[in-house]
Amino acid sequence: MAIYPIRTFGDPVLRMETKPVTDIDDKVHTLVRDMIETMYDAPGVGLAANQIGVSRRVAVFDAQDELGPRVMINPEVVETAGEWEYDEGCLSVPNHYWEITRPAFARVKALDLDGNDVEYAGDGLLGRVLQHEVDHLNGALLLDALPKRVRKKALKELREEALGLT
Ligand code: GNR
Ligand code: NI
């Protein structure tokens, strides 16, 4: 088991293409175990592989329900509905939260660790985390989901923070 450092905004790996998993081998099992450990240690409710520098289409999440940690391999959002504004954060943009409007409901198709088709669907925190993690695997960050003006202000804040001006 291992806890990995989480890559943060500005690290190019967060914007790079991620490769689908074709073979769910021991390396993928180990990656998933380490990702779950890293997610709980952070602590966070989701983690995408590229957040620990691995450019593969793997994510884990725990929507704080009775189901515990879950894995999605090669996930795709296949359906969304509604609209919901929610105070969203990201371990790769630590200590910042923004009100982000996204679909309220999401359905994701993926593979589990046995290579079986799985579907996760829901609203609330679950729907939000599903969309957030698939975004990561597509090289997107929560900043990209902000309205233009808010995004500009957010980028300015992050730039100033990086320069040690705050
Ligand atoms: O821990 C996390 N909390 C969170 C809160 C609101 C919306 C999305 C999230 S996901 C985030 C962990 C993370 O950065 N996953 O990529
Ligand atoms: Ni995130």
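From a predicted model like this one, the values you see are computed outputs, not experimental measurements. (Residues numbered from 1 in each chain as written. Chains lettered and ligands numbered in written order. Predicted model: local features only at pLDDT ≥ 70, side-chain atom pairs only at ≥ 80, totals over all residues. Heavy atoms only, no water.)

**Things to note about the coordination of the nickel ion (ligand 2)**
Then step 1. Protein-derived coordination of the nickel ion (ligand 2) comes from Cys-90 (SG), His-132 (NE2) and His-136 (NE2), at a distance range of 2.0 to 2.3 Å.
Then step 2. Considered as a linear motif, the donors of the nickel ion (ligand 2) on their single chain read C-x41-H-x3-H. Here Cys-90, found in the loop between strand 4 (84-89) and strand 5 (97-102), pairs with His-132, found in helix 2 (residues 124-137); they are 42 residues apart in sequence, far enough to count as distant. With respect to class, Cys-90 is no different from His-132; both count as buried. (Donors = N, O, S within 2.8 Å, 3.2 Å for Na, K, Ca; no water. Helix = DSSP H or I, 4+ residues; strand = E, 2+ residues; numbered from the N terminus. Buried < 20%, exposed > 50% of the residue type's maximum accessible area, 1.4 Å probe, protein only.)

**Description of the site of ligand 1**
Then step 1. For ligand 1, the set of nearby residues contains 13 residues, the closest of which are Val-45, Gln-51, Leu-91, Glu-133 and His-136.
Then step 2. The separation between a nitrogen atom of ligand 1 and a polar side-chain atom of Glu-133 is 2.7 Å.
Then step 3. In the model, an oxygen atom of ligand 1 is placed 2.9 Å from a nitrogen or oxygen of the His-136 side chain.
Then step 4. Here ligand 1 has 380 Å² of accessible area as a free molecule, and 91% of this is covered by the chains.
Then step 5. Classifying every residue of the shell around ligand 1 gives four nonpolar, six polar and three charged. (Near = heavy atom within 4 Å. Polar contact = N/O pair within 3.5 Å; in protein donor to acceptor, adjacent residues only side chain to side chain. Areas by Shrake-Rupley, 256 points an atom, 1.4 Å probe, with all protein chains shown as cover. Nonpolar A, V, L, I, M, F, W, Y, C, P; charged D, E, K, R; others polar.)

**Some points on the environment of Thr-8**
Then step 1. Assignment of secondary structure puts Thr-8 in the segment before helix 1 (26-41).
Then step 2. A C-alpha to C-alpha distance of 7.6 Å links Thr-8 and Pro-94, two positions 86 residues apart in sequence.
Then step 3. Contact partners of Thr-8, with chain neighbours within four places excluded, come to Leu-14, Leu-91, Ser-92 and Pro-94. (Contact = heavy atoms within 4.5 Å.)

**Here's the deal with helix 3 (residues 148-162)**
Then step 1. The end-to-end C-alpha distance of helix 3, which contains 15 residues, comes to 21 Å, matching closely the 21 Å that a straight helix rising 1.5 Å per residue would cover.
Then step 2. Where helix 3 ends, the next residue or the one after it, Gly-164, has phi of about 75 degrees, a positive value. (Expected span 1.5 Å × (residues − 1).)

**Describing the packing of aromatic side chains**
Then step 1. Within this structure, the stated rule accounts for two aromatic pairs.
Then step 2. With centroids separated by 5.1 Å and ring planes inclined at 85 degrees, the aromatic side chains of Phe-61 and Tyr-120 adopt a geometry described as edge-to-face. Of this pair, Phe-61 sits in strand 2 (residues 58-61) while Tyr-120 sits in strand 7 (residues 117-122), and the two are 59 residues apart along the sequence. Here the two residues Phe-61 and Tyr-120 agree in accessibility, since each one is buried.
Then step 3. Judged by centre distance (4.6 Å) and plane angle (25 degrees), the ring pair of Trp-84 and Tyr-86 falls under stacked.
Then step 4. Classification of Trp-84 by relative accessible area gives partly exposed; the value is 28%. (Phe/Tyr/Trp six-rings, centres within 6.5 Å; stacked < 30°, edge-to-face > 60°.)

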